[in-house]
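Structural overview
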Amino acid sequence: MSKRYSDIDFKKTLGSIPKDVVEQLQEKEAIQNQHDFVCLCEGLQEGVCYLCGEKIEHIDEKSPCMHWFLASSIKKKTLMRYLSRPLSFFRVQTYLRWVANSDKPFININDVGADVLDNKLHESTIRYKNLEWSFSLGNTDFEGHYGSKVGNCPHYHIQIVRDGYTVVKFNDTHIAFEPIDFLYMEMIRQNAVEVDPSYEAGLESLNSPTIQEAIMDNISVVNDVTKAQFWTRTLIDPSTIPENFVDEIRELKMIHRDLPMFKLIEVLNELKGYNIQYAVVNVPANSPDKIHRK
Ligand SMILES: [Zn+2]
Ligand SMILES: [Zn+2]
């Protein structure tokens, strides 16, 4: 099951698309993303879901929607039924990352990749206000737990914490993937696409100065996790942030994956002659801690 799409050479396939077409598509997507992210931010401020147009607290079993992840009025039974159907790992991740970024960019997501735990393909914790979603995807999840009654098909696990209380435990549910997930997974496995989770969701929109003003306070905060899982926080003075900062940092991050944010800023200051002001502090105790599945 997990070997689905593996007979496609994605590098070759994607490489065969003319460059100008790719650029056009990317530009279109960036504009769409920016528009969607603004809608999501504006909607959340009004307590409205930008996907279905309903209030966040509105739960209609006939039309399930990802805003159910945010609704505090949702009954556990309803939520469990929602999670018992296939639900795209990438769509849910992107949605929740956007939600987290709508609050305070960068600080609410904690990722640890497969390089930290050999048996894990993915682990992350996303936090928004009083809510915290942790994802766990191990090799045996992706292959399906062999011989077991539940979870024998490819799935991932989620833990949902609200107000410090665990509403859904990792073992409560085995969420089946949607076909799009297998496609993405295979593209990532083949290194045909670049995925940098800490920088994807909603960040395109940060290039827009009005959004930057709207969502950045006097200071921007960026968390870095090293392989040893020590955290540093880089505080950036937004008045010293150049126009193309997000793009340039993203490019640097692709080259220097292991460098923490403040090092990237040093490189950028040196390379481009910028004068981005920053400070580095240790992690406060209440930062979003990584939750490991037991
Ligand atoms: Zn909705
Ligand atoms: Zn599992």
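This text follows the structure it describes.
Residues numbered from 1 in each chain as written. Chains lettered and ligands numbered in written order. Predicted model: local features only at pLDDT ≥ 70, side-chain atom pairs only at ≥ 80, totals over all residues. Heavy atoms only, no water.

1. Observations regarding the coordination of the zinc ion (ligand 2)
As a reminder, the rule being used: A donor here means an N, O or S atom no more than 2.8 Å from the metal, or no more than 3.2 Å when the metal is Na, K or Ca. Since water is not included, a site may seem to lack partners. By the criteria applied here, four donors are tetrahedral when all angles lie between 85 and 135 degrees, four are square planar and six octahedral when opposite donors are over 155 degrees apart and every other angle lies between 65 and 115, and any other arrangement is irregular. Comment: elements are numbered from the N terminus, with helices defined as DSSP H or I runs of at least four residues and strands as E runs of at least two.
Bound to the zinc ion (ligand 2) are the protein donor atoms Asp141 (OD), His145 (NE2), His155 (NE2) and His157 (NE2), situated 1.9 to 2.1 Å from the metal. In this structure, the zinc ion (ligand 2) is coordinated by 4 donor atoms arranged in irregular fashion, with angles at the metal of 96 to 149°. Between consecutive donor residues of the zinc ion (ligand 2), the sequence gaps follow D-x3-H-x9-H-x1-H. Taken as a pair, aspartate 141 in helix α5 (residues 139-143) and histidine 157 in strand β4 (residues 155-162) lie far apart in primary sequence, 16 residues in all.

2. What about unusual backbone geometry?
Keep this limit in mind: The rule is simple: take the accessible area with a 1.4 Å probe, protein chains only, and divide by the maximum for that residue type; under 20% is buried, over 50% is exposed, in between is partly exposed.
Of note, the phi angle at lysine 129 is positive, near 50°, even though the residue is not glycine. With a relative accessible area of 59%, lysine 129 lands in the exposed category. With a phi angle near 50°, aspartate 163 is a residue other than glycine that sits in the positive phi range. Structurally, aspartate 163 is set in the loop between β4 and β5 (165-168). Looking at aspartate 163, the relative accessible area reads 59%, which means it is exposed.

3. With respect to helix α6 (residues 179-189)
Put simply, the rule reads: Only heavy atoms matter for contacts: two residues are in contact if any of them lie within 4.5 Å across the pair.
Along α6, the residues classified as buried are Asp181, Phe182, Met185, Glu186 and Met187. At its buried positions, α6 is contacted by α1 (10-15), α4 (89-103), β3 (131-138) and α5. Of the residues one or two after α6, asparagine 191 is the one with positive phi, at around 55°.

4. Describing helix α3 (residues 76-83)
The periodicity of an α-helix, 3.6 residues per turn, causes residues three or four places apart in sequence to face the same way. Definition in use: Directions are taken from the helix axis to each C-beta atom, and the arc is the one they span.
Burial in α3 covers these residues: Thr78, Leu79, Tyr82 and Leu83. Down the axis of α3, the buried set is contained in an arc of 135°. They therefore lie on one face. In the core, the buried residues of α3 are packed alongside β4, β5 and β6 (175-176).

5. Topic: the pairing of strand β2 (residues 120-128)
To keep it simple, the criterion reads: A pair of strands is considered paired only if DSSP assigns at least 2 bridges between the two.
Across the 9 residues that make up β2, a large majority, 7, are buried. Summarising the sheet, β2 and β3 pair through 8 bridges and their orientation is antiparallel. Looking at β3, one finds that arginine 127 is bridged to glutamate 132. Counting the residues that bridge the hairpin from β2 to β3 gives 2 residues, and of these lysine 129 lies at a positive phi of roughly 50°.

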